[in-house]
Amino acid sequence: SHPKKTNISFPRGGRMGKRSDDDTVVILTKLGICFPAFYAFAFVISAIIVAILGVPFTGDLPFDHREFNPALAGRPLATWLCLVLTFFFGAVLIFFVVRSTKKAWDYAVTLAVVHFVLSCLVETSFPTNWIWWVTMAGATFLMSTIGEYSNYYLRDMREIRVDH
């Protein structure tokens, strides 16, 4: 099977025609769209959640792994909801930006690893909260699976026509 082709135009005499989803330029372009959109989702979701829960808004809410527990009210619940909902809506990015069933897992894990690194940097500590780790693993799996299945059923299967 051949890699899926993506239309991207290249000025200055670049390669003509379609580029493969495996090409570095395509991957970097898609990551360049995914990362800002992912964190835009995170901060919009944070703002909505803190407004609903009446928690003070701080810029580190999407990265907080210390106060993180769905069983507690206030900020711990807000941080948990922010992570889960951000990763859920990350599947939308995989559907609209990545547009590949085969690459869904790659982009989901890349977003999760970068989020882990940024969480360590923003909070200046390594996450030791087991609830954060379990939620991260589950949310990454959720984002990947929803992204993969949505691409498969809503994009890939559409291209197959059955004539009887």
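The shown structure was predicted, so the numbers you read here are calculated from the model rather than taken from an experiment. (Residues numbered from 1 in each chain as written. Predicted model: local features only at pLDDT ≥ 70, side-chain atom pairs only at ≥ 80, totals over all residues. Heavy atoms only, no water.)

**Structural notes on the pattern of salt bridges**
Inspection of every chain in the model, using the stated rule, returns four salt bridges. Between R75 and D64 there is a salt bridge whose closest N-O contact spans 2.9 Å. With R75 in helix α2 (residues 75–98) and D64 in the loop between α1 (24–53) and α2, this residue pair connects regions lying eleven residues apart in the sequence. Judged by relative accessible area, which is 4%, D64 ranks as buried. Put simply, D60, D64, E67 and R75 are held in one network by salt bridges that share partners. (Salt bridge = Lys/Arg side-chain N within 4 Å of Asp/Glu carboxyl O. Helix = DSSP H or I, 4+ residues; strand = E, 2+ residues; numbered from the N terminus. Buried < 20%, exposed > 50% of the residue type's maximum accessible area, 1.4 Å probe, protein only.)

**Comments concerning helix α3 (residues 104–123)**
Between its first and last C-alpha atoms α3 spans 28 Å; for 20 residues at 1.5 Å apiece the expected length is 28 Å, and the two agree. Considered for burial, the residues of α3 that qualify are A104, Y107, A108, L111, A112, H115, S119, C120 and E123. The inward-facing, buried residues of α3 abut α1, α2 and α4 (130–156). Backbone geometry just downstream of α3 places T124 in the positive-phi region, at approximately 50°. (Expected span 1.5 Å × (residues − 1). Contact = heavy atoms within 4.5 Å.)

**With respect to a nonpolar patch on the surface**
Where nonpolar side chains cluster on the molecular surface, the patch consists of L85, F88, F89, V92, F96 and L142 and spans about 490 Å² of accessible area. Take the nonpolar patch: its biggest share by element is five residues, from α2. The residue F96 is located in helix α2 in this model. (Patch = residues over 30% accessible without salt bridge, like charges linked within 9 Å, V, L, I, M, F, W, Y side chains within 5 Å. Areas by Shrake-Rupley, 256 points an atom, 1.4 Å probe, with all protein chains shown as cover.)

**Focus: the nonpolar core**
Ranked by size, the top nonpolar core spans 24 residues in total, and within it C34, F38, L83, F87, I94, M136 and M143 carry the most contacts. Taken together, the elements giving at least two residues each to this core come down to α1, α2, α3 and α4. Ranked by the residues each element gives to this core, the list is headed by α2, at seven residues. If we ignore the near neighbours within four places in the chain, the residues touching L83 are F68, H115, W132, T135, M136 and A139. Listed in part, the seven residues of the second largest apolar core include I45, I49, V55 and C82. (Core = buried A, V, L, I, M, F, W, Y, C linked by side-chain atoms within 4.5 Å.)

**Things to note about unusual backbone geometry**
Non-glycine residue R99 carries a positive phi angle of around 55°. Summarising the element assignment, R99 is placed in the loop between α2 and α3. The backbone of T124 shows a phi angle near 50°, a positive value even though the residue is not glycine.

**Some points on the packing of α2 against α3**
Two elements in contact, α2 and α3, have axes separated by 10 Å at closest approach and are oriented at 140°. Taken as axis vectors, α2 and α3 run oblique relative to one another. For the crossing formed where α2 meets α3, the hand is right-handed. Residue-level contacts link L83, F87, I94 and V98 of α2 to A104, Y107, A108, A112 and H115 of α3. For the contact of α2 with α3, a count of residues per class yields eight nonpolar, one polar and no charged. (Axes fitted to C-alpha atoms, helices over the stretch in contact; angles between N-to-C directions. Parallel < 35°, antiparallel > 145°, perpendicular 65-115°, else oblique. Left-handed = near helix turned anticlockwise from the far one by under 90°. Nonpolar A, V, L, I, M, F, W, Y, C, P; charged D, E, K, R; others polar.)

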